[in-house]
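Chain residues, written in single-letter form:
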Amino acid sequence: MEQELMRIGVSLPDNLLTKFDSIIDQRGYSSRSEGIRDAIRSYITHYEWMNDVKGRRVATITLIYEYMKRGLSSSLTEIQHDNSSLIKSSIITHLDNDNCLEVIVLDGERQDVRSMTEKLMSLKGVKYVKLNTAHPPEATTQILEEV
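Definitions and limits used
- Residues numbered from 1 in each chain as written.
- Predicted model: local features only at pLDDT ≥ 70, side-chain atom pairs only at ≥ 80, totals over all residues.
- Heavy atoms only, no water.
- pLDDT = per-residue confidence, 0-100.
- Contact = heavy atoms within 4.5 Å.
- Patch = residues over 30% accessible without salt bridge, like charges linked within 9 Å, V, L, I, M, F, W, Y side chains within 5 Å.
- Areas by Shrake-Rupley, 256 points an atom, 1.4 Å probe, with all protein chains shown as cover.
- Salt bridge = Lys/Arg side-chain N within 4 Å of Asp/Glu carboxyl O.
- Helix = DSSP H or I, 4+ residues; strand = E, 2+ residues; numbered from the N terminus.
- Buried < 20%, exposed > 50% of the residue type's maximum accessible area, 1.4 Å probe, protein only.

Draft legend 1. A look at the confidence of the model for the protein. Taken as a whole, the protein shows an average pLDDT of 87; of its residues, 86% reach a score of 70 or greater. Within the model, pLDDT remains below 50 along residues 140-147, and this stretch shows two contacts once partners closer than five positions in the same chain are excluded.

Following this line, the structure appears as C-alpha cells:
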C-alpha cells in the first residue's frame, strides 16, 4: 500500500544545506527528499527513545552553542539554575571565537532530565545537543542480578 506524500518547504542556511547535500552524495541518496525522510525517521526514533527512559538516570548533556548569540548565555544559565538539583557538574570549553562546548552531568528522574534537555534543545543559537543516559550503579547491579 502506497502512502500519500505531503510536500513541505524548509528554509536552511546555505552552509547547512551544503553539508547536507554532501552527506546525501556520500550516502548515495537519490534525492534531498530521501535524505530528509531518513533524518526525520532518526529524529523520531531518538524522541521515542527519550520518552522510553524510565526512573532515576545518570546522564550527560553535550551542547555546542554560539557564544555571542544575544540572550543565549542567560537562557542557558536560567535553565541550569532551574534544574540545579539535577546537575552534579558541568564544564565549558571555548572551541573558537564563536562557539562553546558544554558538558553537563546530571543525576535525577528521567522526566526531569528529558525536560531540561528539551528546553536546551529549543534555544536559538544551540547548534548541537546530545543526551546520554545510564542506569545509576545500584539499578545496573539489580538489572544484572535479574538476568
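Back to the write-up after that little detour.
Draft legend 2. Summary view of a nonpolar patch on the surface. A cluster of nonpolar side chains, I36, I40, Y43, I44 and M121, forms an exposed patch at the surface whose accessible area comes to about 450 Å². No other element matches helix 2 (residues 32-52), which puts four residues into the nonpolar patch. By the element assignment, I36 lies in helix 2. Look at I36 and you get partly exposed, because its relative accessible area is 33%.

Draft legend 3. Representation of the pattern of salt bridges in the model. Tallied over the full model, the rule gives six salt bridges. Here D38 and R27 are joined by a salt bridge, their closest N and O atoms 3.5 Å apart. Of the two residues, D38 is situated in helix 2 and R27 in helix 1 (residues 14-27); the sequence distance between them amounts to eleven residues. On the accessibility criterion, R27 (58% relative accessible area) is exposed. R56 is paired through a salt bridge with D107; the nearest N and O atoms lie 2.8 Å apart. Of this pair, R56 sits in strand 1 (residues 56-66) while D107 sits in strand 3 (residues 99-109), and the two are 51 residues apart along the sequence. For R56, a relative accessible area of 33% puts it in the partly exposed group. It is possible to trace a salt-bridge network through shared partners that takes in E34, R37 and R41.

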